[in-house]
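# Structure assessment
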Amino acid sequence: MLKQIEGSRAVAEAVARCRPQVICAYPITPQTHIVEALSAMVKKEELNAEFLNVESEFAAMSVAIGASAAGARAYTATASQGLLYMSEAVWNAAGLGLPIVMTVANRAIGAPINIWNDHSDAMSQRDAGWLQLYAETNQEALDLHIQAFRIAEELSVPVMVCMDGFLLTHASERADLPDQAQVDAFLPRYEPRQVLDPAEPVSIGAMVGPEAFTEVRYLAYERMRQALGVIDATAAEFRAAFGRDSGGLVRPYLTEDAETIVVALGSVLGTIKDAVDELRAAGMKIGVLGITTFRPFPAEAVREALRTVRQRIVVIERALAPGSGGIVTADIRTALAGRLTPHISTVIAGLGGRAVTRKSLAGMLTAAAAGELGPLTFLDLNTSLVEGELARIRATRRSGPSAENLLRDLGITAATIG
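Read on for a plain summary of the structure. Residues take numbers from 1 onward in each chain, read along the sequence in its written order. Only residues with pLDDT of at least 70 are given local features in this predicted model, and only at 80 or more are side-chain atom pairs given and counted; all residues enter the totals for whole chains, interfaces and linings. Hydrogens are left out, water is left out, and the side-chain values use all remaining heavy atoms of the structure.

### Description of helix α7 (residues 138-155)
Quick note on the threshold: Segments assigned H or I by DSSP are reported as helices when at least four residues long, segments assigned E as strands when at least two residues long, and all are numbered from the N terminus. Take the number of residues in a helix, subtract one, and multiply by 1.5 Å to get its expected span. The reported bend at a residue is simply the angle between two axes, fitted to the 7 residues ending at it and to the 7 residues beginning with it.
For α7, with 18 residues, the first-to-last C-alpha span of 25 Å sits near the 26 Å given by 1.5 Å per residue. Most pronounced at Gln 147, the bend in α7 amounts to some 25°.

### Here we look at the sheet that holds strand β7 (residues 159-164)
Adjacent strands of a sheet form backbone hydrogen bonds with each other and so pair up, either parallel or antiparallel. Condition: Being paired, for any two strands, means DSSP has found at least two bridges between them. For helices, the axis comes from a line fit to the C-alpha atoms of the stretch in contact; other axes are also lines fit to C-alpha atoms, and the angle between any two N-to-C directions lies between 0 and 180 degrees. Contacts between residues were defined by any pair of non-hydrogen atoms, one from each residue, lying within 4.5 Å.
Taken in spatial order, the seven strands of this open sheet run β3-β2-β4-β5-β7-β6-β12, and their pairing is mixed. The two strands at the open ends of the sheet, each matched to only one other strand, are β3 (50-53) and β12 (293-295). Averaged over all pairs of adjacent strands, the angle between strand axes in this sheet comes to 20°, irrespective of strand direction. Two strands pair when backbone bridges link them, and strand β5 (residues 101-106) and β7 are joined in this way by six bridges, in the parallel orientation. Looking across to β7, one finds that Thr 103 is bridged to Val 161. This element, helix α2 (residues 32-43), spans β2 (22-25), β3, β4 (74-78), β5 and β7 of the sheet and lies at about 135° to β3.

### Side note on the packing of aromatic side chains
Here is the rule: Side-chain rings of Phe, Tyr and Trp, where Trp is taken by its six-membered ring, are said to pair if the distance between their centres is within 6.5 Å; with planes under 30 degrees apart they count as stacked, over 60 as edge-to-face, and otherwise as tilted. Whether a residue is buried, partly exposed or exposed follows from its accessible area with a 1.4 Å probe, protein chains only, as a fraction of its type maximum: under 20%, in between, or over 50%, in that order. As a reminder, the over-ring test applies to NZ of lysine and CZ of arginine, requiring each to be within 6 Å of the ring centre and within 35 degrees of the ring normal.
With the rule as written, the count across this model stands at six aromatic pairs. Taking the centre distance of 6.1 Å and the plane angle of 90° together, the rings of Tyr 134 and Phe 294 count as edge-to-face. You can see Tyr 134 sitting in strand β6 (residues 131-134) and its partner Phe 294 sitting in strand β12, a full 160 residues away along the chain. Accessibility classification places Tyr 134 together with Phe 294 in one group, the buried group. Members of the aromatic cluster, joined through ring pairs, are Tyr 134, Phe 294 and Phe 297. Above the face of the Phe 186 ring, Arg 150 is positioned so that its terminal group lies 4.5 Å from the ring centre. The positively charged end of Lys 273 is found above the aromatic ring belonging to Tyr 253, 5.4 Å away from the centroid.

### A few points about the pairing of strand β11 (residues 286-291)
Burial analysis of β11 places six of its six residues in the buried class, the great majority of the element. Side chains Ile 286, Val 288 and Gly 290 project from β11 onto one buried face, and the interleaved Gly 287, Leu 289 and Ile 291 project onto a second face that is buried too. The pairing of strand β9 (residues 250-253) with β11 spans four bridges and is antiparallel. Across the sheet, the residue bridging to Tyr 253 is Val 288, located in β11. The sheet contact formed by strand β10 (residues 260-264) and β11 spans five bridges and is parallel.

### A few points about the state of the cysteines
We count it as follows: When two cysteine sulfur atoms lie within 2.5 Å, the pair is treated as a disulfide.
For the coordinates displayed, the defined rule picks out zero disulfides. For Cys 162, which is in no disulfide, the shortest distance to another cysteine sulfur is to Cys 18 and amounts to 17 Å.

### Brief notes about the nonpolar core
Under the convention used in this document: Side-chain atoms within 4.5 Å link the members of a nonpolar core, which is a set of buried Ala, Val, Leu, Ile, Met, Phe, Trp, Tyr and Cys residues.
Counting residues in hydrophobic clusters, the biggest one holds 99 residues, and the most contacted among them are Leu 38, Met 61, Tyr 75, Trp 130, Leu 306 and Ile 332. Counting residues per element, this core draws most heavily on α7, at nine residues. Membership of the second largest hydrophobic core comes to 23 residues, among which are Val 262, Val 314, Ala 362 and Leu 379.

Structure (structure tokens):
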């Protein structure tokens, strides 16, 4: 059914059709509308599930762990500081092999406090053992949730579905909402691979010493390797059942003859494609590689998609590893190791919700094509603002907090107390 709908509500509708049995939530911007919608469905008895509004994000993941271990299909959602607060339990969920599905409405991490979008939160948990799927559009976000439950339960691993906060969660778009019968036909009834059952008592989460810990971790690595094939196969079956291409590992766009390929994740791909279309029309041979599956990283699919690139790869990153640079770039370099690779540039863009515009992208990509883009660039960086703060730091030891100094320099009154 085609419907104009907010992204959060579309995800809530998709999750409800997956028939979760336990939903645990601690609302945090910008995922609140998702769990609010699900709680309303439960209250109206439109969804037969146990909804627990817990006291913290750590509690939300802990409840999801307990519910999943007891054999229930479990779901939760979080963002930013909330994901960090539940980090210990996030690792436990993966280590226990529990097929929990969680929406991460991507948002910047403080300090300073920022409620807008970038990918810092999910990227901080990239090695926790969860699959991470990134949505480009709201249609893909709702589709990925339906696939996520199936993938998680086939492999007995947890899955994060990452959708850009506000840019997707609060944007109203036209979406094709499947009916309950369609989802039931695609997503089998939940049959857990492991379950706490009084009739057949077992221990889950026992201490493991040096004699077997490496082997346990190897099995986690192996499950992630297996996930690549399951994700690809699930996307193919979804396409056959629902009639649209959604999910999978990577998504090439105009890459076959490209001399430059831009790599990115999430909703920024739409703006990048618009910029690339304009540059193509002007004669530039340029393409885009969208990465849907970030964990496990689809190295072979990335290598295949980038095999034709002639001169350069530009990686657009919506998170920053201080002291290192680009997070996705590091995985790209590892995937291409041993090959004669083109020049790779990292572009940090859209941190804390800063707009990534078609004009800025076109200018940056034109510079890249001319060989004028360095190895690390911050798109639309206000250099005079930064240089002013650096000069202040050099001039006096007690220069004060940089975030507040920058706001004062910009004339923003929120930086002033009293």
